[in-house]
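Now for the letters of each chain:
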Amino acid sequence: ETGVTQTPRHLVMGMTNKKSLKCEQHLGHNAMYWYKQSAKKPLELMFVYNFKEQTENNSVPSRFSPECPNSSHLFLHLHTLQPEDSALYLCASSQSSGAYEQYFGPGTRLTVT
Amino acid sequence: GENVEQHPSTLSVQEGDSAVIKCTYSDSASNYFPWYKQELGKRPQLIIDIRSNVGEKKDQRIAVTLNKTAKHFSLHITETQPEDSAVYFCAASTGNTGKLIFGQGTTLQVKP
């Protein structure tokens with residue numbers, strides 16, 4: 001695999017479930033990002049990690065918990081989500097945080113029932 | 001915080017015509033302005049970007065202009081083709097945080 005990969009591609013979960021989204025980048029980048037893309041809203045930045053350290057939390061509810069064990073992997077742990085959390089969750093990476101091109105993964109389509 | 005407004009939300013042009021999409025930003029400290037294209041069912045991909053020390057940048061049929069005084073920047077696509085049909089997002093970034101604030105997106109339809 002090259003570029004940025006995400007698993008699973010589709011996920012349906014109940015409001016009481018716990019699940020995790022996984023992102024992996026094969027580009028040698030040092031910064032990774034989580035975005036939420038809803039039908040009626042622009043791309044919303046959720047978290048930024050630079051060299052494994054979280055540098056940005058865009059006022060995201062605590063039911064979303066990110067984890068970055070190394071510069072190549074990023075997780076988003078989900079628990080007790082709400083139906084309005086249904087969206088496409090996109091991961092991205094860049095050379096470093098700052099004014100660099102961000103490369104996006106294919107996204108995980110999440111449906112909360 | 002930073003806010004980015006994008007217009008129009010939808011744009012329909014005939015093949016061969018030009019298309020212009022405009023964005024305004026609120027934070028005068030913003031210094032990086034990328035444009036992403038997202039085809040249906042696919043991931044966003046960077047098509048062009050501009051930094052605050054440059055007023056215009058071109059790449060074949062695509063150009064971006066930046067007016068720092070007015071705090072707006074625009075995407076220009078000339079000689080449009082059906083494969084240009086997609087959603088286009090502008091974004092603005094400040095400093096070294098990597099925090100991109102996106103506009104609402106413009107759905108471009110190029111009619112053959």
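As a reminder, the structure under discussion sits directly above these lines.
Everything quoted here is computed from the prediction, not taken from an experiment. (Residues numbered from 1 in each chain as written. Chains lettered and ligands numbered in written order. Predicted model: local features only at pLDDT ≥ 70, side-chain atom pairs only at ≥ 80, totals over all residues. Heavy atoms only, no water.)

### Digging into the sheet that holds strand β3 (residues 19-25) of chain B
Residues and elements named next belong to chain B. On the basis of which strands lie adjacent, the open sheet formed by five strands has the order β1-β3-β8-β7-β6 and antiparallel pairing. Each edge of the open sheet is held by one strand with a lone partner, namely β1 (4-7) and β6 (56-59). Each strand axis lies, on average, 15 degrees off the axis of its neighbour in the sheet, ignoring direction. Examined bridge by bridge, β1 and β3 share four bridges and lie antiparallel to one another. Bridge pairing in β3 places Gln-6 opposite Cys-23. (Pairing = 2+ DSSP bridges. Helix = DSSP H or I, 4+ residues; strand = E, 2+ residues; numbered from the N terminus. Axes fitted to C-alpha atoms, helices over the stretch in contact; angles between N-to-C directions.)

### Here's the deal with the sheet that holds strand β7 (residues 64-70) of chain A
Residues and elements named next belong to chain A. Sheet architecture is open: four strands sit in the order β1-β3-β8-β7, paired in antiparallel fashion. Looking at the sheet topology across the chains shown, the edges are occupied by β1 (4-7) and β7. Between one strand and the next, the sheet's axes are offset by a mean angle of 20 degrees, whatever the strand orientation. Sheet analysis places β1 next to strand β3 (residues 18-25), joined by four bridges and oriented antiparallel. Paired with Thr-5 across the bridge in β3 is Glu-24.

### Section: the state of the cysteines
Residue and element names in this part refer to chain A. A full pass over the atoms with the stated rule returns two disulfides over all chains. Here Cys-23 connects covalently by a disulfide to Cys-91, the sulfurs 1.9 Å from one another. Taking the sign of the S-S torsion, about -75 degrees here, the bridge from Cys-23 to Cys-91 comes out left-handed. Of this pair, Cys-23 sits in strand β3 while Cys-91 is found in strand β9 (residues 87-94), placing the two residues 68 residues apart along the sequence. (Disulfide = S-S within 2.5 Å.)

### Examining unusual backbone geometry
A cis amide bond, omega -10 degrees, links Thr-7 of chain A with the succeeding residue Pro-8 of chain A. For Pro-8 of chain A, the position within the fold is in the loop between β1 and β2 (10-13). The step from His-7 of chain B to Pro-8 of chain B runs through a cis peptide bond, and the omega angle for that step is -5 degrees. Relative to the helices and strands, Pro-8 of chain B is located in the loop between β1 and β2 (10-14). Here Phe-51 of chain A, not a glycine, exhibits a phi torsion of approximately 50 degrees, which is positive. Accessibility expressed as a relative area gives 47% for Phe-51 of chain A, which makes it partly exposed. The phi torsion at Lys-52 of chain A lies on the positive side, around 75 degrees, for a residue other than glycine. Considering the arrangement of structural elements, one finds Lys-52 of chain A in the loop between β5 (44-50) and β6 (53-57). Take Lys-52 of chain A: its relative accessible area is 42%, and that puts it in the partly exposed class. (Buried < 20%, exposed > 50% of the residue type's maximum accessible area, 1.4 Å probe, protein only.)

### Examining the packing of aromatic side chains
Residue and element names in this part refer to chain B. Enumeration according to the criterion identifies eleven aromatic pairs over all chains in this entry. Taken together, a centroid distance of 5.6 Å and an interplanar angle of 70 degrees make the contact between Trp-35 and Phe-73 edge-to-face. Taken together, the residues Trp-35 in strand β4 (residues 30-38) and Phe-73 in strand β8 (residues 72-77) connect sequence positions 38 residues apart. Accessibility expressed as a relative area gives 0% for Trp-35, which makes it buried. (Phe/Tyr/Trp six-rings, centres within 6.5 Å; stacked < 30°, edge-to-face > 60°.)

### As for the interface of chain B and chain A
On the chain A side, the residues contacting the 17 residues of chain B number 21 residues. Between chain B and chain A, roughly 1600 Å² of surface is buried when both sides are summed, and carbon and sulfur atoms account for 54% of that area. Interface area lost by chain B to chain A is led by Arg-43, Lys-99 and Phe-102 of chain B, which between them contribute 31%. If you look at where chain B meets chain A, you find one salt bridge. With a closest N to O distance of 3.3 Å, Lys-99 of chain B and Glu-56 of chain A form a salt bridge. Between chain B and chain A we count seven residue pairs in polar contact (both at pLDDT 80 or more) in total. (Contact = heavy atoms within 4.5 Å. Buried area = accessible area lost by both parts, 1.4 Å probe. Salt bridge = Lys/Arg side-chain N within 4 Å of Asp/Glu carboxyl O. Polar contact = N/O pair within 3.5 Å; in protein donor to acceptor, adjacent residues only side chain to side chain.)

Function-wise, these values are silent; they only describe arrangement.
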